[in-house]
Amino acid sequence: MPAGRPELSGVPELDDVPAGEPGAREAGVPELDDVAGAEVPAEELHHLPSLRNQRGQAHVNHDLTSVSWLAAPPFSGGYHTGVLRVDGVAPGAQRFRWKPWGTRREHRSPLVSVVTDTSLAYDADRLLWRIEVTNERAEPATVELTQDLFAPIGYSETGWGWLHTVPWNAEDQYDYHALERIRETTRAGGEEAAYLLGSGPRRLRLGRPRPPGIQRDEETAPMLLEFELPRHVSADTVYPHTSAVRGTVRELRCAGPAERTVLEHVGPVGLADDVEVTLDAFTLAPGLQVELEFRPDDPGHDGVLLTHGNHPDSLQLGLAGGRLWLGICGEREYADQPLEAGRWHRLRVLLDADHAILHVDGEEVARTGHWSRAVRWRSSVEDGVLAIADSRSLARAAYAFGVPPDELVPDGAGGRATWRLALRPGESVVLGVACGYGTDAAQVAVAARRAAGAIESALAGTADAWRRLWRSAFTPGNDEFSGHLPTLHTPDPELARAYYMGALLVLYLRNVRVGRTGRPVFLTGGPRLGASTTYYWDHTEWSRMYAMLEPAGLRDWLLQALSGRYDASFGFDVWGGGPLGNYYVSNDYSLFRLVEHYVGVTGDVAFLAEPAGDRSVLGHVERLAYGFAGRRTAATGGILADYGPDAWGVLECVPNYVHAMASFNAAYVHMLRSYAALLRFLGRDGEAARAESEAGDLTGAVLDLYAGGGRWQLARPGGRETIGHVLDFGLVAASLPDDLPPDRRAEMVAFVVDSLLAGPWMRALAADDPIAPYSDRPDHGAGGAFGAWPGVTAYGLARLGRPDLAVGVLRRTPRAASGALWGQAMEIVTDGVSADADPVVRVAGRGVANRDSIAGAATTEAVIAGLFGVEPGYTSLSSTVPRPATVTVPDPGIGVLANLNLRPAPEPLPAPAAAAR
């Protein structure tokens, strides 16, 4: 048992388990305080803890108080909320401790200790801080605390995609990389660090800009997440400056220090509304100069002249109202005088680490400044409250204080509070600070003042609300959910921890405000990404749990999903309702399984007759089950589904995982067989026989992809290629366990044990795979594994007859959670680890990844379905065996799963409704 993790106690004997009467909490559920949340030294964290409530999310930073990435639709916060200085110095947090209701940060020195608690108030638009300072000297001392108080908060009803709206001084746009650079300035000693210039090469373009998103000049070019992001924005996102300026550019030259030429383009280029000229890529650096001559034809036309990259931190030049503007890193500065039509102007941009300067015809006309200066937001002090107003939206914010500061000064996007505390040796003082946000300034100020004045009770109330939510999740007939989760009774405390951590992860990503139906929804990830986003694939990793816990919400979500463009997206924005991103080949499998588990758990066969878009739910089920039919190609044998050459539809960072793969073709076998069972339940035996025949043909083609040694082949035009990926193991084991001969089962198990499992976690891709050097991303590559893969692997091991190994995989996973819950990408760290020791696993910070990922609930799903065999699907509809409320597994170390709420199925649908398409 790792230090700082208390044992889960109170696991009762089965005789002590009550019958599960409505409204009574199942015995044996651990207290929420004991499930997750260990103190972790800062140096062991690569991805800092998150904050959530029932409305939004945020990230804590490296200092003691600041918060970034606040997103609680329709509100979002830019930059950060401000650091705390102690006697003029901003100390870094030395230790972090996460709990669902907030994060504690500590810094201790021989002179003074500071402990802070930061929380998003439960189901409220408020941030809460408790700051406790202790004099550690042997003599009295006066300690000066200075807290920056920024609230760059905006309000928007649109733009809530995976890359959601974030307010900047210039405008509302999403920029992952720029905001992460600003977060880095909250490190101890890093306040003055430069954040203006992004790293990595980006193309220079003249004329019409591409909207924020990835720049792929060829469809097969890789998406470099290190420097840019895919255009995973909501359908209602509106971009400014979508056309080019009208005029001519010549004598373009980009040069670095010592006049080193980076790019040169001499000849004239004529620009008009839709003209885009793509030039070479280079990296911005201090001392870089961009010079060109420009002759405007229509200076009154708004448009873009030049773009380096396409995020808010990109260098841009444009015209608005005849005036030239310079944009970079969310800032935009305008020249005072308009350009003259028909005349050549000499433009020069000089970049430095912390500012950019624009010259026109030899004179400086614009210069950028620090993000915190007064540009967009206005602050004032009113009755001891610091009020901040956004000049470009309805957003209003206010800071209030339990102990009035000795000084409170408004400044730019916020202000500064200072306390001078005379402390005896060992004496402590607690300060309460609250920041409320909303659209009514007076109401926001009142709520902030009330919370700050009673900070202890405000924080305690938030924690108690989370504890009530936790208890409700396991209580039949509760007031929070339309269902409930089963309870695990096991003598293995680490298996219990894994089970309950997965359940907590689901509750942690619950949101009661962003859904369009009025029911709570469960977000896919965040913070930094996806403040209102649900992925189809991620939800299927906990589909049985979803149907048990929130069947009414899953029903509504499925109708919304099936009515949308699941044939052209990876998910949808539950706030705006529109599709997001690119198509994922997992969509057919994901949505089929979600519908199947909803119907199997609830017995709501009538749901299949519900209209969803252009057909009934049953019509969608048939379409999903036969999704392979239109993807067959002669080049890959004519039987398997061939998904083409673009890896971004499958695993994104595994370049060769394309065309016809074992994984999702095996999933189609399951779908066809399960669909056949549904058809027989509905009395449509002829159609069922056809589906079974198709499943047989596809099974043979999938088994023919076996490469030996537990690995599978990819069928591609011109040949086959072997790969060792967890996705093939997981979906083949889940879908075809009875079709695999014993020797092949054993080889698949050995491959997982020998090539994928690593310490408390695993690799998604075998380290010795030839493609591994080109795929080291810590979610799908060789550098680690996605939050769902251990659960998927454990389920597959159980299906192949090795529940003992499945238990071993699951019980180790809590050790990899970086003191909280599992993230999207869990990286394996080998640096500094001896060869004979287990590797260290942590939530990844490199690349673009979420601190929280609902897919990690696959650990709990694997316990329910893999270890206990609870498989509510279409095959169970025809079963005459009563559905149990309790399942016992006699294997040592597993135990009892109680409090199941599987409901009996009604009679089949009438024939006309069943035949609806």
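So, a few notes on the structure that sits alongside this text. (Residues numbered from 1 in each chain as written. Predicted model: local features only at pLDDT ≥ 70, side-chain atom pairs only at ≥ 80, totals over all residues. Heavy atoms only, no water.)

Description of the sheet that holds strand S48 (residues 840-843)
Note the threshold: If DSSP finds at least two bridges between two strands, the strands pair. Numbered from the N terminus, helices here are DSSP runs of H or I no shorter than four residues, and strands are runs of E no shorter than two. Axis definition: a line fitted to C-alpha atoms, limited for helices to the stretch in contact. Angles are taken between N-to-C directions and run from 0 to 180 degrees.
One open sheet holds the three strands; their spatial order is S46-S47-S48, and the pairing between them is antiparallel. Of all strands in the sheet, those bounded by a partner on one side alone are strand S46 (784-786) and S48. When strand polarity is set aside, the average angle formed by the axes of neighbouring strands in this sheet is 20°. Relative to S48, strand S47 (residues 825-829) is paired through four bridges, and the arrangement is antiparallel. Residue pairing across strands places Met826 opposite Val843, the latter belonging to S48.

Focus on the packing of aromatic side chains
One pair of aromatic rings is described through two measures. These are the centre distance and the angle between the planes. Heads up, the condition is: By convention, a stacked pair of Phe, Tyr or Trp rings (six-membered ring in the case of Trp) has centres within 6.5 Å and planes under 30 degrees apart, an edge-to-face pair has planes over 60 apart, and any other such pair is tilted. As a reminder, the over-ring test applies to NZ of lysine and CZ of arginine, requiring each to be within 6 Å of the ring centre and within 35 degrees of the ring normal.
Counted under the stated rule, the structure contains 37 aromatic pairs. Its end group placed over the ring of Tyr508, Arg52 keeps NZ or CZ at 5.6 Å from the ring centre. One cation-aromatic arrangement involves Arg467 over Trp101; the distance from NZ or CZ to the ring centre is 4.7 Å.

So, empty space enclosed by the protein
In plain terms, the rule: Two kinds of site are reported from a 1 Å grid over the protein atoms alone, namely cavities, where a 1.4 Å probe fits but cannot get out, and pockets, open sets with protein on both sides within 12 Å along at least five of seven lines, and residues are called lining when an atom falls within 4 Å of a point. Grid points are joined across faces, edges and corners, and a volume is the space filled by probe spheres set on the points. Under the convention adopted here, Pro, Cys and the residues Ala, Val, Leu, Ile, Met, Phe, Trp and Tyr are nonpolar, Asp, Glu, Lys and Arg are charged, and Gly plus all remaining residues are polar.
The full count for this structure, using the stated rule, is ten cavities of 30 Å³ or more. Of the volumes computed, that of the largest cavity is approximately 380 Å³. Along its surface, the largest cavity is lined by 26 residues, and Trp162, Tyr535, Tyr584, Glu652 and Gln824 are the ones closest to its centre. Within the residue set of the lining of the largest cavity, elements represented by two or more residues are helix H5 (536-540) and strand S49 (852-853). A breakdown of the residues in the lining of the largest cavity according to their chemical character gives 14 nonpolar, seven polar and five charged. Along its surface, the second largest cavity is lined by 17 residues, and Glu541, Tyr589, Arg593, Val792 and Tyr795 are the ones closest to its centre.

Digging into the nonpolar core
Across soluble globular proteins, nonpolar side chains show a tendency to be buried alongside one another. Test applied: What makes a nonpolar core is a set of buried Ala, Val, Leu, Ile, Met, Phe, Trp, Tyr and Cys residues whose side-chain atoms join them at distances within 4.5 Å. Exposure classes here rest on a 1.4 Å probe applied to the protein chains alone. A residue is buried below 20% of its type maximum, exposed above 50%, and partly exposed in between. Between two residues, a contact is recorded if the distance between any of their heavy atoms is within 4.5 Å.
Formed by 280 residues in total, the largest nonpolar core has its most connected members in Trp557 and Trp789. Among the elements that make up this core, the one with the highest residue count is helix H10 (residues 662-681) (13 residues). Leave out the neighbours within four places in its chain, and Trp789 touches Trp537, Glu541, Val726, Leu727, Met762, Ala764, Asp779 and His780. With 15 residues, the next largest nonpolar core counts Ala121, Val444, Ala445 and Ala452 among its residues.

Re the packing of helix H3 (residues 455-473) against helix H4 (residues 493-508)
For clarity, the threshold we go by: Take the far helix as the reference: if the near one is turned anticlockwise from it by less than a right angle, the crossing is left-handed, and if turned clockwise, right-handed.
Running from N to C, H3 and H4 cross one another at 120°; their axes reach a closest spacing of 11 Å. Read as a crossing pair, H3 and H4 show a hand that is right-handed. Contacts from Trp466, Leu469, Trp470 and Ala473 of H3 reach H4 at Tyr500, Ala503, Leu504, Leu507 and Tyr508. Here the contact of H3 with H4 is composed, by residue class, of nine nonpolar, no polar and no charged.

Some details on unusual backbone geometry
Put simply, Pro73 and Pro74 share a cis peptide bond, and its omega is 10°. Put simply, Gly526 and Pro527 share a cis peptide bond, and its omega is -15°. Mapped onto the secondary structure, Pro527 falls in the loop between strand S35 (525-526) and strand S36 (533-535). With phi around 55°, Asp383 is a residue other than glycine that occupies positive phi space. Along the chain, Asp383 turns up in the loop between strand S26 (377-382) and strand S27 (385-390). On the accessibility criterion, Asp383 (75% relative accessible area) is exposed. Its identity is not glycine, yet Glu652 carries a phi of approximately 65°, on the positive side. Its place among the elements puts Glu652 in the loop between helix H9 (617-625) and H10.

Overview of the sheet that holds strand S12 (residues 153-155)
In space, the five strands of this open sheet follow the order S2-S3-S4-S5-S12, with antiparallel pairing throughout. What marks the edges here is a single partner per strand, and that holds for strand S2 (50-52) and S12. Neighbour to neighbour, the strand axes of the sheet diverge by 20° on average, direction disregarded. As defined by bridge partners, strand S4 (residues 67-72) adjoins strand S5 (residues 75-77) across two bridges and the pair is classed as antiparallel. Its bridge partner being in S5, Ala72 is matched across the sheet by Phe75. Sitting on the sheet, helix H1 (residues 176-184) touches strand S3 (57-60) and S4, and the angle it makes with S4 is about 135°.

A word on the pairing of S3
Burial along S3 is two-sided: Gln57 and His59 facing one way and Ala58 and Val60 facing the other are all buried. Across three bridges, S2 lies against S3 in antiparallel orientation. Its bridge partner lying in S3, Arg52 is registered against Gln57. Relative to S4, S3 is paired through three bridges, and the arrangement is antiparallel.

As for the pattern of salt bridges
One side chain can pair with another of opposite charge once the charged atoms of both are near each other. Counted only if it meets this: Just to be clear on terms, a salt bridge is a Lys or Arg side-chain nitrogen sitting within 4 Å of an Asp or Glu carboxyl oxygen.
Considering all chains together, one arrives at 63 salt bridges under this definition. Each of Arg55, Asp123, Asp125 and Arg513 takes part in one network of salt bridges that share partners.

Points about the side chain of His484
Worth spelling out the cut-off: Polar contacts here mean pairs of N or O atoms no more than 3.5 Å apart (in protein, one a potential hydrogen donor and the other a potential acceptor; neighbouring residues in sequence count only if both atoms are side-chain atoms).
Take His484: it is sitting in the loop between H3 and strand S32 (487-489). Here the side chain of His484 touches Asn899 through a polar contact of 3.0 Å, landing on its backbone oxygen. Setting aside chain neighbours within four positions, we find His484 in contact with Ala473, Phe474, Thr475, Pro476, Asn478, Met548, Leu549, Asn899 and Asn901.

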